[in-house]
Amino acid sequence: MAAAVPRVVVVTRASEYSALLARHGTEPQVRFFLEQRGQTLDAVRRRHERWMGALDAVSQAIPAGWRRARVNRPELSRFLFEPGDLVVATGQDGLVANLAKYLQGQLVLGINPDAEQFDGILVPHAPSRAKQLLAAMAAGRAEVEERTMASARLDDGESLLALNEIFVGHRSHQSARYRLRLGNREERQSSSGLIVATGTGATGWARSINLERARPLQIPKPTDWALALFVREPFPSVSTGTSLDGGLVNGHGQLEIVSEMDDGGVVFGDGIEDDRLEFAWGMRLRVEVAEQRLRLVRA
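About the criteria used
Residues numbered from 1 in each chain as written. Predicted model: local features only at pLDDT ≥ 70, side-chain atom pairs only at ≥ 80, totals over all residues. Heavy atoms only, no water. Salt bridge = Lys/Arg side-chain N within 4 Å of Asp/Glu carboxyl O. Buried < 20%, exposed > 50% of the residue type's maximum accessible area, 1.4 Å probe, protein only. Helix = DSSP H or I, 4+ residues; strand = E, 2+ residues; numbered from the N terminus. Contact = heavy atoms within 4.5 Å. Phe/Tyr/Trp six-rings, centres within 6.5 Å; stacked < 30°, edge-to-face > 60°. Pairing = 2+ DSSP bridges. Axes fitted to C-alpha atoms, helices over the stretch in contact; angles between N-to-C directions.

A. Quick look at the pattern of salt bridges. Summed over the entire model, instances satisfying the criterion amount to 22 salt bridges. Between Arg 147 and Glu 145 there is a salt bridge, with its nearest N and O atoms 2.7 Å apart. We classify Arg 147 as buried; its relative accessible area is 6%. Connected via shared salt-bridge partners are Arg 181, Glu 186, Glu 256, Arg 284 and Arg 286.

Okay, here's the thing in structure tokens:
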């Protein structure tokens, strides 16, 4: 029986230039908008051209006989991935985080379209390497790093996944009130919310919080089967404490949170507030290491 023809799914998002053009309608209007703010259209257009050049290089790297599809970030929730898809994320690192929760073990190749602009932690490869790495992926020879993800599940069955971190708190600047349990420790708290980060998220929001701690946590590595809990600015009062302000959630443990927020409690992942779970008073949330992992091509 002949092997199935591979399908390459290229995932990308709008460049700055494309987004500005969609908002303002014409290039002269974009130029006026930027110049009024001390910026230049030429700089934005150069970044756009590098981005489009990267997408062209990826397209040319896909063998003529292979199937192909292209998905923009807003379409991810409606796109049906196939089990054997070879996924190519072309954009900034955050694009991979946006993508990860929609996958079920498919290989992901991260292509950095502009090394002068993006760090490339999750998109480490230059466009020129796409052809070689796609061939290795199809042949099963690619070096793959399996990165830990976090899972959050409410007692009503609703759930979400995150590659970087999960936020639990109030959707506004009000204090978040809840009961927190980690292992055999439990505390009622009022805080600015909490995040539960993976090792992948250790270079972002979690790192900023950890730097402000009197006793920094040892954040897990991206491949470790563990998560790190950070409570943001817990407030001491006659009914709330601050002793359980952080800790590790290992692969066999669960973090449990019970909401005491009458209105406005939310749970969301990777900074995507529009894709949130409502966390009303009395609801119970469990956060743990997800069974699903991101399979990222390293070489």
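Structure's up, so let's keep going.
B. The arrangement of helix α4 (residues 93-100) in detail. By the criterion of burial, α4 is predominantly enclosed, with seven of the eight residues buried. Every buried residue belonging to α4 is among Asp 93, Leu 95, Val 96, Ala 97, Asn 98, Leu 99 and Ala 100, and all of these are buried. Packing partners of the buried residues in α4 comprise β1 (7-12), β3 (86-90), β4 (107-111), β5 (144-154) and β16 (284-297).

C. Structural view of the packing of aromatic side chains. Tallied over the entire structure, the rule returns four aromatic pairs. Ring geometry for Trp 51 and Phe 118: centres 5.8 Å apart, planes at 90 degrees, overall edge-to-face. Highlighted residues: Trp 51 in helix α3 (residues 41-61) and Phe 118 in the loop between β4 and α5 (130-139), separated in sequence by 67 residues. Overall, Trp 51 belongs to the buried group, its relative accessible area being 6%. Seen in terms of ring centroids, Phe 167 and Trp 205 are 5.8 Å apart; in terms of plane orientation they differ by 15 degrees. Their pairing is stacked. On the criterion of sequence distance, the pair formed by Phe 167 in strand β7 (residues 165-170) and Trp 205 in helix α6 (residues 205-211) is long-range, its members being 38 residues apart. Classification of Phe 167 by relative accessible area gives buried; the value is 6%. Taking the relative accessible area as the measure of exposure, Trp 205 reaches 30% and is therefore partly exposed. Feature note: the residues Phe 167, Trp 205 and Phe 268 constitute an aromatic cluster, connected by ring pairs.

D. Layout of the sheet that holds strand β12 (residues 246-250). Judged by pairing direction, the sheet is antiparallel, and its six strands sit side by side in the order β12-β11-β10-β7-β14-β15 without closing on themselves. Each end of this open sheet is capped by a strand with a single partner; those strands are β12 and β15 (276-278). Averaged over all neighbouring strand pairs, the angle between strand axes comes to 20 degrees, with direction disregarded. Pairing of β7 with strand β14 (residues 265-269), which is carried by five bridges, proceeds in the antiparallel orientation. The residue of β14 that forms the bridge with Gly 169 is Val 266.

E. Fine view of the pairing of β7. Among the six residues in β7, six count as buried, and that is most of the element. Strand direction decides the pairing type here: β7 and strand β10 (residues 194-197), joined by four bridges, are antiparallel. Pairing of Val 168 across the sheet is with Leu 194, part of β10.

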